[in-house]
Amino acid sequence: MPVRFATKDDVGTMARISSEAFWDDELFGEVIHPYRDQHPDGPRLYWLALIRKGWQDPANTFLVSTTGDEKNKVAAWAQWTRKGRKETAADEDSMRKQVEWPALPPNEAAHPERITYLERSYDHISHQWTGAREQAYDIAILATLPSHQGEGHGKALMQWGIQRATSEQVPISVISALGKDGFYNKLGFTIPAGNAQDGEGNPLAGLVEGGNIWWKEDHLKA
Ligand SMILES: CC(C)(COP(=O)(O)OP(=O)(O)OC[C@H]1O[C@@H](n2cnc3c(N)ncnc32)[C@H](O)[C@@H]1OP(=O)(O)O)[C@@H](O)C(=O)NCCC(=O)NCCS
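The name given to the protein in an unreviewed UniProt entry is N-acetyltransferase domain-containing protein, with Meristemomyces frigidus as the source organism.

Now the structure itself:
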């Protein structure tokens, strides 16, 4: 599963992959995009906007995993966020921050209020990345095309961040989507640390069943 840094030209494909991968996800599908069947392009627009926003932040590194055959198709992608330190992203592509993107049409599949809930919920859980866990890697987004799931793409994209975190000796966090705890537990994310719905006034409270927060620290030397 060859993994490489994403380029600007991959962004459209990455948005399409997430749209498919998270189509029926309880949060990105049902909660945020209740009108996706009537407006099937909406989730793709949502992901495009989200990726473009993250693209400008040097704390983020974007990776793609390709099929490695003659087509070498992009089958999966990840966004790793380095918490606690403002630095140039690992691809050191400074041009990444200066991209001017064409405007997007409105996302008619989205719930007008709920579309902001995820971003607003972060204020309630940001204490996770403080104290001994201020310096950390977070796997912010991970998506494999449904037709390529189970081929090792997710694991390969995870290995990149695990290696970085091991060499920097910092812990790794994830907010796990419903049904994905087992995937992360297998990779050593075994320290439970609450849920994305935690905190008084968190807009996600009661809306989802998933969102468990896990930490991985087994790669840290005692
Ligand atoms: C979660 C996801 C990224 C996994 O990607 P993938 O490319 O299918 O995963 P891999 O093929 O690398 O699987 C690695 C291992 O995890 C296991 N695994 C995969 N999904 C699992 C799950 N939901 N629960 C438990 N184990 C799982 C695989 O069986 C494999 O085990 P092995 O190493 O013993 O062979 C993919 O299912 C996905 O994109 N889902 C929809 C979007 C999503 O929820 N993303 C995660 C957001 S937190």
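Colleague: So what about the overall build of the protein? Which residues, and what values?
Modeller: Scanning the protein from N- to C-terminus turns up six helices and seven strands. Against the globule reference of 17 Å for 222 residues, the protein gives a C-alpha radius of gyration of 17 Å, in line with a compact fold. A principal-axis box enclosing the C-alpha atoms of the protein has dimensions of 55 × 50 × 35 Å. For the protein, with 222 residues in total, the buried portion stands at 48%. For the protein, contacts bridging at least 24 residues in sequence account for 77% of all contacts bridging at least 6. With an accessible surface of roughly 11,100 Å², the protein has 50% of that area assigned to carbon and sulfur atoms. Averaging the positions of the 24 positive and the 31 negative side-chain charges in the protein gives two centres separated by 4 Å.

Colleague: Lay out the packing of aromatic side chains with the relevant residues and their values.
Modeller: Tallied over the full model, the rule gives 14 aromatic pairs. With a centroid separation of 6.3 Å and 80° between ring planes, the pair formed by tryptophan 80 and tyrosine 137 is classed as edge-to-face. Of this pair, tryptophan 80 sits in strand E3 (residues 74–83) while tyrosine 137 sits in strand E4 (residues 136–144), and the two are 57 residues apart along the sequence. Accessibility assignment for this pair places tryptophan 80 and tyrosine 137 in one class, buried. With 6.5 Å between their ring centres and 45° between their planes, tryptophan 80 and tryptophan 160 make a pair best called tilted. In this pair, tryptophan 80 is assigned in strand E3 and tryptophan 160 in helix H5 (residues 153–168), connecting sequence segments 80 residues apart. Owing to a relative accessible area of 1%, tryptophan 80 belongs among the buried residues under this scheme. Three or more aromatic residues link up through ring pairs in this structure, and these residues are Phe5, Trp80, Tyr137 and Trp160.

Colleague: Lay out the UniProt feature "domain: N-acetyltransferase" (unreviewed entry) in the protein with the relevant residues and their values.
Modeller: UniProt's entry tags residues 137–190 with the feature "domain: N-acetyltransferase" (unreviewed entry), counted in the numbering of this structure. The span residues 137–190 carries 41% helix and 24% strand; its end-to-end C-alpha distance comes to 15 Å.

Colleague: Hey, could you go over the sheet that holds strand E6 (residues 191–195) for me, with residue numbers and the actual values?
Modeller: Taken together, seven strands build an open sheet; the order of strands is E1-E2-E3-E4-E5-E7-E6 and the sheet is mixed. The open sheet has two edge strands, strand E1 (3–5) and E6, and neither has a second partner. With strand direction ignored, the average angle separating the axes of adjacent strands in the sheet is 30°. Judged from the three bridges that link them, E1 and strand E2 (residues 60–66) form a sheet pairing that is antiparallel. Each bridged residue has a counterpart across the sheet, and for phenylalanine 5 the counterpart in E2 is leucine 63. Relative to the sheet, H5 contacts E1, E2, E3, E4, strand E5 (172–176) and strand E7 (212–216), its axis offset from that of E3 by approximately 25°.

Colleague: Give a description of helix H3 (residues 42–55) that names residues and reports values.
Modeller: Across its 14 residues, H3 extends 20 Å between first and last C-alpha, which sits within 8% of the 20 Å expected from 1.5 Å per residue. The element H3 is largely enclosed, with a buried count of ten among its 14 residues. Within H3, burial applies to Gly42, Pro43, Leu45, Tyr46, Trp47, Leu48, Ile51, Arg52, Gly54 and Trp55. Next to the buried residues of H3 lie helix H1 (11–21), helix H2 (26–31), E2, E3, helix H4 (117–125) and E4.

Colleague: Give me the site of the ligand: which residues, what numbers.
Modeller: For the ligand, the set of nearby residues contains 20 residues, the closest of which are Leu142, Thr144, Gly152, Gly154 and Lys155. One of the backbone N or O atoms of glycine 152 is found 2.8 Å from an oxygen atom in the ligand. A distance of 3.0 Å separates an oxygen atom of the ligand from a polar side-chain atom of lysine 186. The protein chains hide 73% of the 920 Å² of surface that the ligand would expose on its own. Elements with a minimum of two residues in the shell around the ligand: E4, H5 and helix H6 (181–186). No other element matches H6, which puts four residues into the shell around the ligand. Considered class by class, the residues forming the shell around the ligand number eight nonpolar, eight polar and four charged.

Scoring rules and cut-offs
- Along each chain, the written sequence defines residue order, and numbers are assigned to residues from 1.
- With pLDDT at 70 or above as the cut-off, local features in this predicted model cover only qualifying residues; side-chain atom pairs require 80 or more to be listed or tallied, and sums for whole chains, interfaces and linings still use all residues.
- Values shown for side chains rest on all heavy atoms present in the structure; no hydrogens or waters enter the calculation.
- Helix and strand definitions follow DSSP, with helices as H or I runs of at least four residues and strands as E runs of at least two, each counted in order from the N terminus.
- We take the radius of gyration over the C-alpha atoms and set the globule estimate at 2.2 Å times the residue count to the 0.38 power.
- Only protein chains enter the accessibility calculation, which uses a 1.4 Å probe. A residue is then buried if its area is under 20% of the maximum for its type, exposed if over 50%, and partly exposed in between.
- What makes two residues a contact is simply this: any of their non-hydrogen atoms within 4.5 Å.
- The Shrake-Rupley method, run with a 1.4 Å probe sphere, supplies the accessible areas, and residue values consider only the shown protein chains as cover.
- All tallies of charge rest on Lys and Arg as positive and Asp and Glu as negative; His and the ends of each chain are not included.
- The atoms used to mark charge sites are NZ of Lys, CZ of Arg, CG of Asp and CD of Glu.
- Each pair of aromatic rings taken from Phe, Tyr and Trp, with Trp reduced to its six-membered ring, is defined by centres within 6.5 Å and is described as stacked if the planes are under 30 degrees apart, edge-to-face if over 60, and tilted in the remaining cases.
- UniProt positions are given in the numbering used here, feature names are shortened, and annotations may be inferred rather than shown by experiment.
- Any two strands with at least two DSSP-identified bridges between them are counted as paired.
- Note on geometry: axes are C-alpha line fits, over the in-contact stretch for helices, and angles between N-to-C directions span 0 to 180 degrees.
- The length a helix should cover is 1.5 Å for every residue beyond the first.
- Distances are taken per atom, and a residue is near a molecule or strand as soon as one of its heavy atoms is within 4 Å of it.
- Within 3.5 Å is the distance limit for a polar contact, defined as a pair of N or O atoms, with the added protein rule that one can donate a hydrogen and the other accept it, and that residues adjacent in sequence qualify only through two side-chain atoms.
- Amino acid classes used here: Ala, Val, Leu, Ile, Met, Phe, Trp, Tyr, Cys and Pro are nonpolar; Asp, Glu, Lys and Arg are charged; the rest, including Gly, are polar.

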